[in-house]
Amino acid sequence: MTQPAIVELRDVTKRYHDKTILDAVSIAIRPGEITAMIGPSGGGKSTLLRSINGLNTIDGGEVIVGENRITQNATQSNDAARRIRRTVGMVFQDFQLFPHLTALGNVCEAPIRVAGKSRREAESRGRELLKQVGLGERFDHYPSQLSGGQKQRVAIARALAMDPQVLLCDEITCALDPELKHEVLDVLEDLRREGLTLIMVTHEIGFARRAADRVVVLAGGKIVEDGPPAQVLDAPQTERTQRFLQNVLG
Amino acid sequence: MKKFAPISLRFFVLVAILAVAPTAADLQGDSPRVVRLRDRLASNVLRWGGDAEGGAPFQFHDPEQPDKLVGFEVDLVDALVEQLRSQLDLPQLHAEFVQYDWVSLPLGLEKQDFDLIVSGLEITDENRAKLIFSRPYYVYSLALTVRADETRVKSVEDCLKLRVGTLSGSAAQTYLQELGVEQITAPDGQIESYQDLALGRVDAVLLDLPIAIYNTADDPRFKFVGPRVGQGHYGLGLRPTDDDLAAAIDEALSELIRTGRIRQIYAKWKMWNEDQLQLASGDRPAEAAGLRGATEATVVTTNREAWTFSRYAPPLFAAAGVTVALTFVSMALAMLIGLIVAVCRLYGPGPIRWLALAYVEFFRGIPLLLLLTFLYYGLPHVPYMGVDLAAWQAAIIGFGLNYAAFEAEIYRSSIQSVPRGQWEAARSLGMDDMTAFRRVIFPQAFRTALGPMTNDFVAMFKDTSLVSVIAVVELTKQYQILARTSLKFTEIGLLTAALYLAMSIPLGYLARYLEENWNFGHK
């Protein structure tokens, strides 16, 4: 692979008090790659993900996205992090839709306030995105009037409205009823076809196997396994991965 | 009369000067005093301060025309102004009344809220320390009033062990204290003691004769006993720096006495008696002649029953308007300052955060009454940074600053109740912190803050009644003025309460409506 990385972490370290959450983690993500991060709770998956767009500060190493880099002295709202967030979108486990805005309002807020688009332009694109995630009839609904799956699809449309190159998904199906998960996962599969770079923390082993190009296993703050799904999920090399998969798959 | 000697002396000197000076008509622009005074009164307004709250027969609202002031002092001021017009050749000169708490009148004079106190102010050493007096315009004495069936009291000396009512800050109060009366009650108004007497809360009332006559004459529940005591004089109060005006007013008073006008006014208000002959200056026989001359004044009759609903309701409604305006503007200011303080306290750098906390603790911890009094009476005296605020400005700033401390705390807890994930979601979309706060955090926090803030809003409606201490007439003050003038405490009180409820209850419903319906789709 000669293509340069779109997201690169070099020796990223993160500590909470005395506990090391990320222990000098390095990884490079190529454009268009679908990466699934799996691993036991507390293994550092979410922390790694949130380090990429600066929602977590880091205590060592650096995060490089395009021309921007976050180092250990950066705050959550520093300029480099803000520039990174213009190309890296994020979807959260608990949606975090803005409750005081309608579905369309949620999608249009950042394009208007951050990207400086006109309301008309933002709304026309916002409607398109909501249709794309299957919510063509829900423009004027407030988050409280939507189901969990619908909320999460609004959240994805909201992130896509900023035309990101990379989308970070933090356990986005975790809070959903099983029969609603497919609504969201179907949307992700569509995005994959469009060539978006996806980095997702997930417990959906089945989905990872089907959709991911690459599976990364994080445990104890380190990457213990990294490779194509067939290799990592079906023929794990390390004892830690084997144990984890046994626990998850039963 | 002994106490009065300095005034007589001063007056004697003045009379001596005036005697050799040309008459007013010849002065036209020649006398430096007249020139200065014409300059001083260039606005053509002579403002006089008094207290119309239960102020009969001195000054009170006319039941026939509630927005009009009547009383013997109103007539006196009109006559004085008429005299000054020709004396100073200022044909446009007119008087303007400023309502003030009686006990605060010297403060208002010093603050230049008016030029002249005309409010039955007794010429005493204590008052003379704060202001200068005109020559006396009325000779009062103190009358002792008891219930009609009272048998114990023959004179004020019989009251040493009894409960005696009077007026706070009056010469009668001083007289009772010096006599050694043990149980004196001295409310801030002059009709309360008579109410107390009728109800048996006090056994006797000692007050100035004009007040006693007005409040008890023809009332079968009361009688006067004993000789009148403690004779003294009412004078017009002026600022010590205003001696030109004082001299002109003395001259005008002299004319009113000489022409018999003053006797006419007192006769009209049933206040004339032989004591008033002392008003004449010994050096001016013409004045004595004026006081002795025949008078054809029509005696006024005031009828408290004339205070019907259609007469007292309009001034009450107008005062309710003041309350509403004051509350809305003050609350808007409090919500603005409160937001700034809350944001400083949550997100400011160390020292700013500390200052914001200090602000909250300070303004939450001091009584509103203290703050208002300081802003109005104290602030002008602060060295280098003294500001002389108008009463309504002081009121709005006082309420704004005080309530801002409470609103800041409401904002703070509301802002903190917005989940942290909302910040992260906003930031992950590329918003800077300012945009995230304005567009995402604050709208949600404000919705949460709405309920508690409405409570404060309703509380402020009632708290605004405190501003009467700084001479703003709002609903409660207007109630007191009207009730004390008409003695219809219950009737007017019920209307006043209804007005407060009419303002606060809809607000409560509005808040509930907003909470239920401005709820981002929640059912």
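### As for the overall build of chain B
What chain B contains, in helices and strands, is 20 helices and twelve strands. Taken along the three principal axes of its C-alpha coordinates, chain B extends 95 × 65 × 45 Å. The proportion of buried residues among the 523 residues of chain B is 55%. The averaged location of the 59 negative side-chain charges in chain B is 4 Å from the averaged location of its 48 positive side-chain charges.

### Regarding the confidence of the model for chain B
Residue and element names in this part refer to chain B. Per-chain confidence: chain B averages 87 in pLDDT, with 91% of residues scoring 70 or above. Segment residues 1-7 is flagged for pLDDT under 50; beyond a separation of four residues in sequence, or across chains, it makes 13 contacts in the model. With pTM at 0.79, the complex prediction returns an ipTM value of 0.94.

### Description of the sheet that holds strand β11 (residues 222-234) of chain B
In sheet architecture, strand pairing relies on hydrogen bonds along the backbone and comes in two forms, parallel and antiparallel. Residue and element names in this part refer to chain B. Here five strands make up an open sheet; going across it, the order is β9-β8-β10-β7-β11 and the pairing mixed. If you trace the sheet from one side to the other, it starts and ends with β9 (183-185) and β11, each paired once. In this sheet, adjacent strand axes meet at a mean angle of 25 degrees when their direction is disregarded. Pairing of strand β8 (residues 163-165) with β9 involves three bridges; the strand directions are parallel. When the bridges of β9 are listed, G165 appears paired with T185. Taken strand by strand, helix α7 (residues 171-179) contacts β7 (138-147), β8, β9, β10 (204-208) and β11, and its axis lies near 130 degrees from that of β10.

### Concerning helix α4 (residues 119-132) of chain A
Within an α-helix, residues lying three or four positions from one another point in the same direction, as the helix has 3.6 residues per turn. Residues and elements named next belong to chain A. With 14 residues, α4 extends 20 Å from end C-alpha to end C-alpha; this agrees with the ideal 20 Å at 1.5 Å per step. Taken together, the buried positions of α4 are occupied by A122, G126, L129 and L130. Looking straight down α4, one finds its buried side chains confined to an arc of 95 degrees; they lie on one side. Turned more than 90 degrees away from the buried face of α4, the exposed residues are R120 and K131. Residue G134 follows α4 closely and has a positive phi angle near 80 degrees.

### As for the sheet that holds strand β10 (residues 222-227) of chain A
Residue and element names in this part refer to chain A. With mixed pairing, the six strands of this open sheet are ordered in space as β6-β7-β8-β3-β9-β10. Each end of this open sheet is capped by a strand with a single partner; those strands are β6 (88-91) and β10. The mean inter-strand angle of the sheet, taken between neighbouring strand axes irrespective of direction, is 20 degrees. Strands in contact with helix α2 (residues 79-87) are β6 and β7 (166-170); relative to β6, the strand with the most contacts, it is inclined by about 80 degrees.

### Quick word on the environment of G260 of chain B
Residue and element names in this part refer to chain B. With respect to the helices and strands, G260 occurs in the loop between α10 (243-258) and α11 (261-268). A relative accessible area of 15% means that G260 is categorised as buried. Spatially, the C-alpha atoms of G260 and L372 are 45 Å apart, while their sequence positions differ by 112 residues.

### Some details on the nonpolar core
Of all hydrophobic cores here, the largest spans 192 residues; its most connected members are Y137 and Y266 of chain B. Residues I38, V107, I156 and V232 of chain A belong to the second largest nonpolar core, which totals 49 residues.

### A word on the interface of chain A and chain B
Counting residues at the interface gives 25 residues for chain A and 21 residues for chain B. Between chain A and chain B lies a buried interface of about 2,200 Å² when both sides are counted; carbon and sulfur atoms form 58% of it. Summed over the three residues of chain A that lose the most area to chain B, namely Q96, F98 and H100 of chain A, the buried surface amounts to 24% of that side. Across the chain A-chain B interface, the total number found is two salt bridges. For R50 of chain A, the salt bridge is made with E424 of chain B, and the minimal N-O distance between the two is 2.5 Å. Here the side of chain A that touches chain B takes three residues from helix α3 (residues 103-113) of chain A, the largest share from any one element. Residue composition of the side of chain A that touches chain B, by class: twelve nonpolar, seven polar and six charged.

### What to know about the pattern of salt bridges
Tallied over the entire structure, the rule returns 54 salt bridges over all chains. The residue R125 of chain A makes a salt bridge to E128 of chain A at a minimum N-O spacing of 3.7 Å. One end of the pair is R125 of chain A and the other is E128 of chain A, both in helix α4 and three residues apart, which spans about a single turn. For R125 of chain A, a relative accessible area of 24% puts it in the partly exposed group. Given the relative accessible area of 49%, E128 of chain A is considered partly exposed. A salt bridge links K161 of chain B to E182 of chain B; the shortest N-O distance between them is 2.8 Å. Residue K161 of chain B is found in the loop between β7 and β8, and its partner E182 of chain B is found in the loop between α7 and β9; the two are separated by 21 residues along the sequence. By sharing partners, the salt bridges in this structure join R40, R47, D115, R239 and D242 of chain B into a single network.

### Some thoughts on the domain arrangement of chain B
Residue and element names in this part refer to chain B. Annotation of chain B at the domain level lists domain 1 (23-137 + 235-306), domain 2 (141-232) and domain 3 (309-517). Using C-alpha coordinates to define each centre, domain 1 is positioned 27 Å away from domain 2. Domain 1 puts 16 residues into the contact, and the matching count from domain 2 is 18 residues. Taking both partners together, domain 1 and domain 2 bury about 1,400 Å²; carbon and sulfur atoms supply 49% of that area. It is W102, E122 and R304 in domain 1 that bury the most area against domain 2; as a group they hold 29% of the surface buried on that side.

### Comments concerning the packing of helix α14 (residues 350-365) of chain B against helix α16 (residues 391-416) of chain B
All names here are of chain B. Contact pair α14 / α16: the axes reach a minimum separation of 8 Å and the direction vectors enclose 125 degrees. The pairing of α14 with α16 is recorded here as oblique in orientation. Crossing angle aside, the handedness with which α14 passes α16 is left-handed. Here Y359, V360, F363 and R364 of α14 come into contact with α16, specifically with L401, N402, A404, A405, F406, A408 and E409. Residue classes in the contact of α14 with α16 are distributed as eight nonpolar, one polar and two charged.

### As for the pairing of β6 of chain A
When a strand is regular, its side chains alternate between the sheet's two faces. Residues and elements named next belong to chain A. The alternating pattern of β6 places V88 and M90 and G89 and V91 on opposite faces, both of which are buried. Examined bridge by bridge, β6 and β7 share four bridges and lie parallel to one another. Within β7, the position partnered with V91 by the bridge is C169.

### Details of the domain arrangement of chain A
Residues and elements named next belong to chain A. Per the domain assignment, the segments making up chain A are domain 1 (1-87 + 167-250) and domain 2 (98-163). The straight-line distance from the C-alpha centre of domain 1 to that of domain 2 is 25 Å. The interface is formed by twelve residues belonging to domain 1 together with 13 residues belonging to domain 2. In this assembly, domain 1 packs against domain 2 so that about 1,000 Å² is buried in total across both faces, 68% of it on carbon and sulfur atoms. When residues of domain 1 are sorted by the area they lose upon contact with domain 2, R86, E183 and V187 head the list and together hold 42% of the total.

About the thresholds
- Residues numbered from 1 in each chain as written.
- Chains lettered and ligands numbered in written order.
- Predicted model: local features only at pLDDT ≥ 70, side-chain atom pairs only at ≥ 80, totals over all residues.
- Heavy atoms only, no water.
- Helix = DSSP H or I, 4+ residues; strand = E, 2+ residues; numbered from the N terminus.
- Buried < 20%, exposed > 50% of the residue type's maximum accessible area, 1.4 Å probe, protein only.
- Lys, Arg positive; Asp, Glu negative; His and termini not counted.
- Charge placed at Lys NZ, Arg CZ, Asp CG, Glu CD.
- pLDDT = per-residue confidence, 0-100.
- Contact = heavy atoms within 4.5 Å.
- Pairing = 2+ DSSP bridges.
- Axes fitted to C-alpha atoms, helices over the stretch in contact; angles between N-to-C directions.
- Expected span 1.5 Å × (residues − 1).
- Arc of directions from axis to C-beta.
- Core = buried A, V, L, I, M, F, W, Y, C linked by side-chain atoms within 4.5 Å.
- Buried area = accessible area lost by both parts, 1.4 Å probe.
- Salt bridge = Lys/Arg side-chain N within 4 Å of Asp/Glu carboxyl O.
- Nonpolar A, V, L, I, M, F, W, Y, C, P; charged D, E, K, R; others polar.
- Domains from an automatic or database assignment.
- Parallel < 35°, antiparallel > 145°, perpendicular 65-115°, else oblique.
- Left-handed = near helix turned anticlockwise from the far one by under 90°.

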